[in-house]
Structures are given as structure tokens and as C-alpha cells.
Amino acid sequence: MSSKKNIIFIYNAKGGQWNYLIDTLHKYLSPKTYECNLCQITYDLKMRKAWKDFIEESPHSYKFLHLEELSEFSLEAYVNDLPICLEELNGKYNVLIDKNEMNTFQNEHELIESLKTKL
């Protein structure tokens, strides 16, 4: 692998415990209408083990953001492109995995494989 990279994932969901409960119910009661495939494939009631292991063992730095955090990081331009994975380099952002690709993943393993080829 190359040098340490700053990777940012942005969920198409709001953060916080209350929103987590609502989102969890939505994922299970109506998965076809749930709008964050990143959440869908990386979390059950907690972070899926394979995904957690990948993040913890990676040499890269990962940040996970929610909708309400976009302005804090000047990422408002991506509000209609979520979920998304970006690489931050010197204050500039490059899309690693766009919304369309993110929404094709069936599970965390497909996401991990995609990241391995791009990082």
C-alpha cells in the first residue's frame, strides 16, 4: 500500500442516538426505501466485524461524517451525492467511491474490495 491517506465517508443519514434508532428501525422495516447503502452494508446493530477489522487494520486515517456535519468540513457541495467516500489531500477532495458505486455494493466485503483496489 502507498502512504497514509485521509479517507472520509459521508453517510446519507443524520448522526446521534435518536437518529440511529430511527435509522435502524427503517433499515429493518423498509430496507428498500432506506437511503444510505453505506449504513446498510456496514452496520447492523453495531459496526459489522469485517468492516471494523478493515478500518482498524488499515494504515489510512478514516473519518465518518453525517449529514449535519457537512458544513463543519465545508462539504456542502456533496449533499446530493450521498453516501460517498472521499480522499482528502491538502484541503482538496477527490471522490473515491461515488453514490452510484456505493449503492451497488451488496455487503461490506464488496466495499472493502473496492477500497483495496483504490488505495
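Residues numbered from 1 in each chain as written. Predicted model: local features only at pLDDT ≥ 70, side-chain atom pairs only at ≥ 80, totals over all residues. Heavy atoms only, no water.

Visitor: So what's going on with the packing of helix H3 (residues 49-57) against helix H5 (residues 108-118)? Which residues, and what values?
Guide: Where H3 contacts H5, the two axes come as close as 9 Å, and the packing angle between them is 25°. Taken together, the axis directions place H3 and H5 in an arrangement best described as roughly parallel. Between H3 and H5 the crossing geometry is left-handed. The residues of H5 that touch H3, namely those facing Ala50, Trp51 and Phe54, are Glu108, His109, Leu111, Ile112, Leu115 and Lys116. Partitioning the contact of H3 with H5 into residue classes produces six nonpolar, one polar and two charged. (Axes fitted to C-alpha atoms, helices over the stretch in contact; angles between N-to-C directions. Helix = DSSP H or I, 4+ residues; strand = E, 2+ residues; numbered from the N terminus. Parallel < 35°, antiparallel > 145°, perpendicular 65-115°, else oblique. Left-handed = near helix turned anticlockwise from the far one by under 90°. Contact = heavy atoms within 4.5 Å. Nonpolar A, V, L, I, M, F, W, Y, C, P; charged D, E, K, R; others polar.)

Visitor: So what's going on with unusual backbone geometry? Which residues, and what values?
Guide: Leave glycine aside and you will find that most residues have negative phi; peptide bonds, for their part, are mostly trans. Of the consecutive residues leucine 82 and proline 83, the connecting peptide bond is found in the cis state with omega at 0°. Within the secondary structure layout, proline 83 lies in the loop between strand E2 (61-65) and strand E3 (84-89). Despite not being glycine, serine 74 shows a phi value in the positive range, around 55°. As for its position among the elements, serine 74 is in the loop between E2 and E3. Residue asparagine 90 is not a glycine yet carries a positive backbone phi of 55°. For asparagine 90, the location among the structural elements is in the loop between E3 and strand E4 (92-97).

Any functional reading would require information beyond the geometric quantities listed.
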